[in-house]
Amino acid sequence: MRIVSGIQPTGNLHLGNYLGAIRNWVRMQDEFSAQGGQCLYFLADLHAISMPHVPTELGANTREMVAALVACGIDPERSILFNQTQVPAHAELQWLLSGTARMGWLNRMTQWKDKAGKNREGASVALFTYPVLQAADVLLYQATHVPVGEDQKQHLELARDIAQKFNNDFATEEAPVFTLPEPIIPPEAARIMSLRDGSAKMSKSDPSDMSRINLTDDADTLMSKVKKAKTDPEPLPAEAAGLSGRPEAANLVGIYAAMAGQSVAQVLAEFGGKGFGAFKPALGELLVESLAPINTRFLALREDRTALDTILRQGAERARAVAGPTLDRTYSALGLIRS
Ligand code: TRP
């Protein structure tokens, strides 16, 4: 089993990022590397240039994200952790696959349609071919499984279509060049909402810092953010159905459940009938207990540029070794002479 997944480097990491992709990656690493599987996790910094960006911020965000991933439990020994740019085979394979991907397939991608909006003529070519790079990301390593959010499922299907067509056109059934990867969509990725507005996603770009829980927040800040979180005057219901129409209450209960590894029903079995005066301190303590060790590691590693660059360099070296044979076979299947 080979697991491959990527994440775009963004700054200001918060609880939503942690409970979204990162925690799931850590779980898979712990589960699969014990069974002899291999996990490759990378920073999709090449994908980040498909939208307008600030070069100095991209570099800083890439290092910051590495620090966060390691602080959250990605072990650069057991997993291969790297950034795309340091493994040129990603960009090379993207070009090689561009001969196989069809305009019509890319035109149907919902992320392209959403991000380009009405201004397709002004969108970058990279935004359009983004899914081909994503296909290269996973096909390069013969990934068998790719953990992604629901929104990336279509891109994974495209990667399978590209792999299939390439194998049909340029390889034999006995010796296919690419493995068709399976998506792994986490069952109920907790949707973490703003602490100030239960109908808006927790976001790094919300102007109010009180709306989110950052991986850099210390214990006092965490406690005060939870205590000041928006709620309603009613006590918590005994059953999940009682949370409908109460987005703020539902969000806090959801965060508790996700952090404690419990179902919403289990949380309500304990706290149903109790008010927020009892629930908020319990939630605050749970957050402090689970995030404090991450916070300490993150703040220290973030400052250690040498350590971060070493992690990236070593990760890239290992990734290049895994990627090499597939890249060679792709060039040669296409009749391109390299030596
Ligand atoms: N496009 C993905 C996202 O925005 C990130 C990504 C890039 C990715 N390459 C990948 C995810 C390869 C899985 C596999 O979330």
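None of the values given here were measured: they were computed from a predicted structure.

Here the focus is the overall build of the protein. Secondary structure summary: the protein contains 13 helices and 5 strands in total. Expressed as lengths along the three principal axes of its C-alpha atoms, the size of the protein is roughly 70 × 45 × 40 Å. Out of the 339 residues in the protein, the part that is buried amounts to 45%. Across the protein, every contact between residues at least 6 apart in sequence was considered, and the portion connecting residues at least 24 apart equals 74%. Computing the positive centroid from 34 side-chain charges and the negative centroid from 38, the protein places the two 3 Å apart.

We now examine the domain arrangement of the protein. Domain boundaries in the protein define domain 1 (2-190 + 304-333) and domain 2 (209-301). Each of domain 1 and domain 2 was reduced to a C-alpha centroid, and the two centroids are 32 Å apart. On the domain 2 side, the residues contacting the 16 residues of domain 1 number 14 residues. Interface area for domain 1 against domain 2, summed over the two sides, is near 1,400 Å², with a carbon-plus-sulfur share of 74%. At the surface where domain 1 touches domain 2, the tally comes to 0 salt bridges. If you look at where domain 1 meets domain 2, you find 5 residue pairs in polar contact (both at pLDDT 80 or more). Secondary structure elements with two or more residues in the side of domain 1 that touches domain 2: helix 1 (15-34), helix 3 (55-72) and helix 13 (305-333). The element that contributes the greatest number of residues to the side of domain 1 that touches domain 2 is helix 3, accounting for 6 residues. Class assignment for the residues of the side of domain 1 that touches domain 2 results in 12 nonpolar, 1 polar and 3 charged.

Moving on, we come to the layout of surface pockets. The volume enclosed by the largest pocket comes to roughly 1,400 Å³. If you go around the largest pocket, you meet 45 residues; those closest to its centre are Ile 7, Ala 21, Gly 149, Asp 151 and Lys 201. Elements represented by at least two residues in the lining of the largest pocket include exactly strand 1 (2-7), helix 1, helix 6 (110-116), helix 7 (125-139) and strand 4 (145-147). Per-element tally for the lining of the largest pocket: the top contributor is helix 1, with 6 residues.

A few words on the site of the ligand. As a structural note, the neighbourhood of the ligand is formed by Ser 5, Gly 6, Phe 42, Ala 44, His 47, Tyr 130, Gln 134, Asp 137, Val 138, Val 146, Val 148 and Gln 152. Between the ligand and Tyr 130, the relevant distance is 2.7 Å, taken from a nitrogen atom to a side-chain nitrogen or oxygen of the residue. Relative to its free-state accessible area of 360 Å², the ligand is covered by the protein chains to the extent of 88%. The cavity that encloses the ligand is the largest pocket. When residues of the shell around the ligand are traced back to their parent elements, those giving at least two are strand 1 and helix 7. At 4 residues, the largest contribution of residues to the shell around the ligand is made by helix 7. Of the residues assigned to the shell around the ligand, the class counts are 6 nonpolar, 5 polar and 1 charged.

With that settled, the discussion passes to the pairing of strand 3 (residues 80-83). Residues Ile 80 and Phe 82 point to one face of strand 3 and Leu 81 and Asn 83 to the other, with burial holding for every one of them. Sheet topology note: the strand 2 (residues 38-43)/strand 3 ladder contains 4 bridges and is parallel. What sits directly across from Tyr 41, in strand 3, is Leu 81.

What follows concerns the side chain of Glu 248. Looking at the secondary structure, you find Glu 248 in helix 10 (residues 247-260). By relative accessible area, which is 12% here, Glu 248 ends up buried. Aside from chain neighbours lying at most four places away, what touches Glu 248 is Asp 197, Gly 198, Lys 230 and Thr 231.

Below, the discussion takes up the nonpolar core. One finds Leu 15, Tyr 18, Phe 279 and Leu 291 to be the most contacted residues of the largest nonpolar core, which totals 58 residues. The residue makeup of this core includes at least three contributed by each of domain 1 (2-190 + 304-333) and domain 2 (209-301). Leave out the neighbours within four places in its chain, and Phe 279 touches Leu 236, Leu 252, Val 253, Tyr 256, Val 267 and Phe 271. Counting residues in each nonpolar core, the second largest holds 43 residues, with Ile 80, Phe 128, Val 132 and Val 322 among its members.

The tally for this structure, following the rule as stated, stands at 1 cavity of 30 Å³ or more. Residue classes in the lining of the largest cavity are distributed as 4 nonpolar, 2 polar and no charged.

So, about the environment of Met 65. For Met 65, the position within the fold is in helix 3. Separated by 53 residues in the primary sequence, Met 65 and Asn 12 have C-alpha atoms spaced 9.1 Å apart. Ignoring sequence-local partners within four residues, the contact set of Met 65 consists of Ile 7, Gln 8, Pro 9, Thr 10, Leu 13 and Leu 43.

For Asn 12, which is not glycine, the phi torsion reads 50° and is therefore positive. Looking at the element boundaries, Asn 12 is found in the loop between strand 1 and helix 1.

Cut-offs applied
- Residues numbered from 1 in each chain as written.
- Predicted model: local features only at pLDDT ≥ 70, side-chain atom pairs only at ≥ 80, totals over all residues.
- Heavy atoms only, no water.
- Helix = DSSP H or I, 4+ residues; strand = E, 2+ residues; numbered from the N terminus.
- Buried < 20%, exposed > 50% of the residue type's maximum accessible area, 1.4 Å probe, protein only.
- Contact = heavy atoms within 4.5 Å.
- Lys, Arg positive; Asp, Glu negative; His and termini not counted.
- Charge placed at Lys NZ, Arg CZ, Asp CG, Glu CD.
- Domains from an automatic or database assignment.
- Buried area = accessible area lost by both parts, 1.4 Å probe.
- Salt bridge = Lys/Arg side-chain N within 4 Å of Asp/Glu carboxyl O.
- Polar contact = N/O pair within 3.5 Å; in protein donor to acceptor, adjacent residues only side chain to side chain.
- Nonpolar A, V, L, I, M, F, W, Y, C, P; charged D, E, K, R; others polar.
- 1 Å grid on protein atoms, 1.4 Å probe; cavity = no way out; pocket = protein on both sides within 12 Å on 5 of 7 lines; lining within 4 Å.
- Points joined across faces, edges and corners; volume = space filled by probe spheres on them.
- Near = heavy atom within 4 Å.
- Areas by Shrake-Rupley, 256 points an atom, 1.4 Å probe, with all protein chains shown as cover.
- Sits in = over half its atoms within 2 Å of the grid points.
- Pairing = 2+ DSSP bridges.
- Core = buried A, V, L, I, M, F, W, Y, C linked by side-chain atoms within 4.5 Å.

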